[in-house]
Amino acid sequence: MYKRRELGYNSWLMPATRMKTNGVANARTWGRGRRHVLIGLGFAVCLLMINGIVGDNGAFALMRARAQYADMANAVATKKAENARMREQWRRLETDPSAIEDIARRELDLIKPGEMLFIVRDAPGARKKEER
């Protein structure tokens, strides 16, 4: 008589015959090995998925890169606008001498010969009278 684990039958009605294992000593050991391989493959797939989400080239890195791209695109647009403003100012300074005079008066506090400069300062008592 054969032991139950060595029997290869689907129901109790089938005759008891020995299973062909193709060189494997016990059919259950092959099943365990297959199970271990499947568990290992499942673990590897899980690791790859986690790496795809969190890794250096994963989904989070992609979102960070898109945010950086948007920030840099805004910075480029700002610099282009500033560049256009400066080109316009340069063109105006080349063609309009009154623009040069205006900048000299405003930024350098220069005056023409013969003009008088008056500097008006607030008196300390004047503010107290206004507040009342």
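Residues numbered from 1 in each chain as written. Predicted model: local features only at pLDDT ≥ 70, side-chain atom pairs only at ≥ 80, totals over all residues. Heavy atoms only, no water.

Participant: In this structure, what is going on with the overall build of the protein? I would like to understand it.
Facilitator: Across its full length, the protein carries 4 helices and 0 strands. Expressed as a percentage of the 132 residues in the protein, the buried residues total 5%. Considering only contacts within the protein whose residues lie at least 6 apart along the sequence, 0% involve residues at least 24 apart. (Helix = DSSP H or I, 4+ residues; strand = E, 2+ residues; numbered from the N terminus. Buried < 20%, exposed > 50% of the residue type's maximum accessible area, 1.4 Å probe, protein only. Contact = heavy atoms within 4.5 Å.)

Participant: Before we go on, may I ask you to explain the pattern of salt bridges in this structure?
Facilitator: Charged atoms that come close allow side chains of opposite charge to pair. One pass over the structure, following the stated rule, counts 5 salt bridges. The partner of E101 in a salt bridge is R105, and the shortest N-O contact between them spans 3.3 Å. Taken as a pair, E101 and R105 lie in helix α3 (residues 97–108) at a separation of 4 residues, close to a single helical turn. The exposure class assigned to E101 is partly exposed, which follows from its relative accessible area of 33%. What makes R105 partly exposed here is its relative accessible area of 30%. Sharing partners across several salt bridges, the network here consists of E101, R105, K112 and E115. (Salt bridge = Lys/Arg side-chain N within 4 Å of Asp/Glu carboxyl O.)

Participant: Just to check I follow, could you spell out the environment of G55 for this structure?
Facilitator: Mapping G55 onto the fold places it in the loop between α1 (27–54) and α2 (59–95). Residue class for G55 comes out buried when judged on its relative accessible area of 13%.

Participant: When you look at a nonpolar patch on the surface in this model, what are you seeing that I'm missing?
Facilitator: A contiguous nonpolar patch, built from I50, I53, V54, F60 and M63 and spanning about 480 Å² of accessible area, is present on the exposed surface. Of all elements in the fold, only α1 and α2 reach the threshold of two or more residues within the nonpolar patch. Sorting elements by how many residues they give to the nonpolar patch places α1 first, with 3 residues. In this structure, F60 sits in helix α2. On the basis of relative accessibility, which here comes to 40%, the residue F60 falls in the partly exposed class. (Patch = residues over 30% accessible without salt bridge, like charges linked within 9 Å, V, L, I, M, F, W, Y side chains within 5 Å. Areas by Shrake-Rupley, 256 points an atom, 1.4 Å probe, with all protein chains shown as cover.)

Participant: What should I look at first to understand α3 in this one?
Facilitator: Since the α-helix turns once every 3.6 residues, residues separated by three or four places project in the same direction. A rise of 1.5 Å per residue sets the reference length of α3, with its 12 residues, at 16 Å; its end C-alpha atoms lie 16 Å apart and thus fit the reference within 8%. By the burial criterion, the buried members of α3 are A99, I103 and A104. Buried residues of α3, seen end-on, are gathered within an arc of 135 degrees and therefore sit on one face of the element. Across α3 from its buried face, at more than 90 degrees, point the exposed residues P97 and R106. In the segment just after α3, D109 is the residue with positive phi, at about 55 degrees. (Expected span 1.5 Å × (residues − 1). Arc of directions from axis to C-beta.)

Participant: Is there a simple way to think about the confidence of the model for the protein in this case?
Facilitator: Detailed reading of the predicted coordinates is not advisable wherever pLDDT is low. Overall, the prediction assigns the protein a mean pLDDT of 79, with 70% of residues at 70 or greater. Mean pLDDT across the elements of the protein bottoms out in helix α4 (residues 124–131) (63) and peaks in α2 (94). (pLDDT = per-residue confidence, 0-100.)

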